[in-house]
Amino acid sequence: MGKEVRSRMRRSLGVIVIAIAGLGIFGLMMEQTDAPRSAGQTSAHAAALDAANTAFSEGDFATVVELLSDVVSRNTRDGLTWYRYAYAKEQAHNETDIHAYHRAWNLLRGQAPESDEFARAKQRVMASIRDYAIEVRTDVFARVESIQFTNTLSGGFRDLRADSGTTFVVYTVVIENESSGTIGHLTAPVPTLYDFDGNSQREDVEARVYLAATLDGLATGSLNPGVRGRYFRVYRVSQDRLARGGWFLRFADRTELPVN
C-alpha cells in the first residue's frame, strides 16, 4: 500500500474520530441543559398536586384553588384534578366553574366512570346546562334550553304516545346568530343525541312533524344576522337503554354535554 493511500486513510480516520467526539460533547451538553429543567418542572408539578391533595383532604379549598390553578391552566388531562379544582373553587369562592366541571366529566368518562367524582361532575354540568353557551361556528352560539323525557306528547287534536318500551327525548336549543351570514332552518347547528355506546340516534319524523305544529316560538325560517331562534329535536328511544344512562348531546364543534 502506497504512502499516499495510507496518508489519506489516516486523515479519514481522524475526521471520523473528531466527528464522533463532537457528537458526544453535543449530546452531553444537551443532557446537562435540558434534563435538569425537565426534571424540575416535573417535580414542581408533582409537588403542587401532592400539596393540593393534602389541602383538599383537610378542607382547605382556597389553597387547593391556588395550587391547582397553574396545573389546570396547562390543560391537564387528569379528570380528578379538574374535579377537585372545580369543587374547591365552588366551596372557597361560591363560584360554579361550569367549564372545569365539564372538563372533569368529559375526562372521567374514560378514566373513572364508576367514581363518585364522575357522577357529581355530571350532575353539576346537567344542573347548569342552560348556562353553557357553545360557539358551534364562528360567532354562532348554541345553548340548551330544555331536555324532556316523556311517553306522551300533548297538543293538537290528539296526543302522540310512544310505543311500548320506548319513550320520547325532546330538547330545545337556542341559537344566537352573531355572524354576518344567514343560517338556514335545515342547517341550524342543533346537537344530535348519542347513546352510551356513542351511537347517533335517528330523529322521529312523525313526532317532529307533530311537535312542529304545537310548540310555540320555534324558528321556522332562516336565521338572519343578530337574530336568536329556538330549534328542537325529538327522538323515540328504548326505555331500557335510556335507563342505563350515559347518553349525551354532540354539537357541530364536537362539544358534548350529558343528558342522563
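Residues numbered from 1 in each chain as written. Predicted model: local features only at pLDDT ≥ 70, side-chain atom pairs only at ≥ 80, totals over all residues. Heavy atoms only, no water.

Here helix 2 (residues 61-73) crosses helix 3 (residues 79-93) at 140 degrees, and the two axes come no closer than 8 Å. With respect to each other, helix 2 and helix 3 are oriented oblique. Like other packed secondary-structure pairs, helix 2 and helix 3 cross with a definite hand, here left-handed. The residues of helix 3 that touch helix 2, namely those facing Phe61, Ala62, Val64, Val65, Leu68, Ser69, Val71 and Val72, are Thr81, Trp82, Arg84, Tyr85, Tyr87, Ala88, Lys89, Gln91, Ala92 and His93. Broken down by class, the residue content of the contact of helix 2 with helix 3 amounts to twelve nonpolar, four polar and two charged. (Axes fitted to C-alpha atoms, helices over the stretch in contact; angles between N-to-C directions. Helix = DSSP H or I, 4+ residues; strand = E, 2+ residues; numbered from the N terminus. Parallel < 35°, antiparallel > 145°, perpendicular 65-115°, else oblique. Left-handed = near helix turned anticlockwise from the far one by under 90°. Contact = heavy atoms within 4.5 Å. Nonpolar A, V, L, I, M, F, W, Y, C, P; charged D, E, K, R; others polar.)

The next subject is the environment of Leu49. Following the sequence through the fold, Leu49 ends up in helix 1 (residues 3-57). Residue class for Leu49 comes out partly exposed when judged on its relative accessible area of 21%. If near-sequence neighbours (up to four positions away) are discounted, Leu49 is found in contact with Leu68, Val71 and Thr81. (Buried < 20%, exposed > 50% of the residue type's maximum accessible area, 1.4 Å probe, protein only.)

Side-chain positions along a regular strand alternate between the two faces of the sheet. Of all twelve residues in strand 5 (residues 166-177), twelve are buried, a share of seventy percent or more. Bridge count between strand 2 (residues 140-150) and strand 5: ten bridges; the pairing is antiparallel. Looking at strand 5, one finds that Arg143 is bridged to Val174. Taken together, the twelve bridges between strand 5 and strand 7 (residues 227-238) define a ladder with antiparallel strand orientation. In the sheet register, Tyr171 faces strand 7, and the bridge partner there is Arg233. (Pairing = 2+ DSSP bridges.)

Turning to the sheet that holds strand 9 (residues 256-258), a few remarks are in order. Within a sheet, neighbouring strands are paired by backbone hydrogen bonds and run either parallel or antiparallel to one another. Taken in spatial order, the three strands make up an open sheet running 6-8-9, and their pairing is antiparallel. Each end of this open sheet is capped by a strand with a single partner; those strands are strand 6 (192-194) and strand 9. On average, each strand axis in the sheet is inclined to that of its neighbour by 30 degrees, with strand direction left out of account. Bridging between strand 8 (residues 248-250) and strand 9 involves three bridges; their strand directions are antiparallel. Of the residues in strand 9, the one forming a bridge with Phe248 is Pro258. Of the strands in this sheet, strand 8 and strand 9 are in contact with helix 4 (residues 98-111), which crosses strand 9 at around 90 degrees.

On to the side chain of Ser115, then. Considering the arrangement of structural elements, one finds Ser115 in the loop between helix 4 and helix 5 (116-127). With a relative accessible area of 18%, Ser115 lands in the buried category. Of note is the side chain of Ser115, whose polar atom sits 2.7 Å from the backbone oxygen of Ala112. (Polar contact = N/O pair within 3.5 Å; in protein donor to acceptor, adjacent residues only side chain to side chain.)

Of the residues making up helix 6 (residues 205-212), those classed as buried are Ala207, Tyr210 and Leu211. Viewed end-on, helix 6 has its buried residues packed into an arc of 90 degrees, placing them on one side of the element. The exposed residues of helix 6 that point more than 90 degrees off its buried face are Val205 and Val209. In the core, the buried residues of helix 6 are packed alongside strand 3 (152-153), strand 4 (160-161), strand 5 and strand 7. At the N-terminal boundary of helix 6, the capping side chain belongs to Asp204, with an oxygen 3.1 Å from the backbone nitrogen of Glu206. (Arc of directions from axis to C-beta.)

Let's shift gears to the packing of helix 3 against helix 4. Where helix 3 contacts helix 4, the axes come no closer than 8 Å and their chain directions differ by 150 degrees. Between helix 3 and helix 4, the interaxial angle falls into the category roughly antiparallel. At the point where helix 3 passes helix 4, the crossing takes the left-handed sense. Packed against helix 3, whose contacting residues are Gly79, Leu80, Trp82, Tyr83, Tyr85, Ala86, Tyr87 and Glu90, the element helix 4 presents His99, Ala100, Tyr101, Arg103, Ala104, Leu107, Leu108 and Gln111 at the interface. Residues that form the contact of helix 3 with helix 4 fall into these classes: eleven nonpolar, three polar and two charged.

What follows covers the environment of Tyr235. Relative to the assigned elements, Tyr235 resides in strand 7. Ignoring anything within four residues of it in the chain, the contact list for Tyr235 reads Thr167, Phe168, Val169, Tyr171, Pro191, Thr192, Leu193, Gln201, Arg202, Glu203 and Asp204. Of note is the side chain of Tyr235, whose polar atom sits 3.5 Å from the backbone nitrogen of Leu193.

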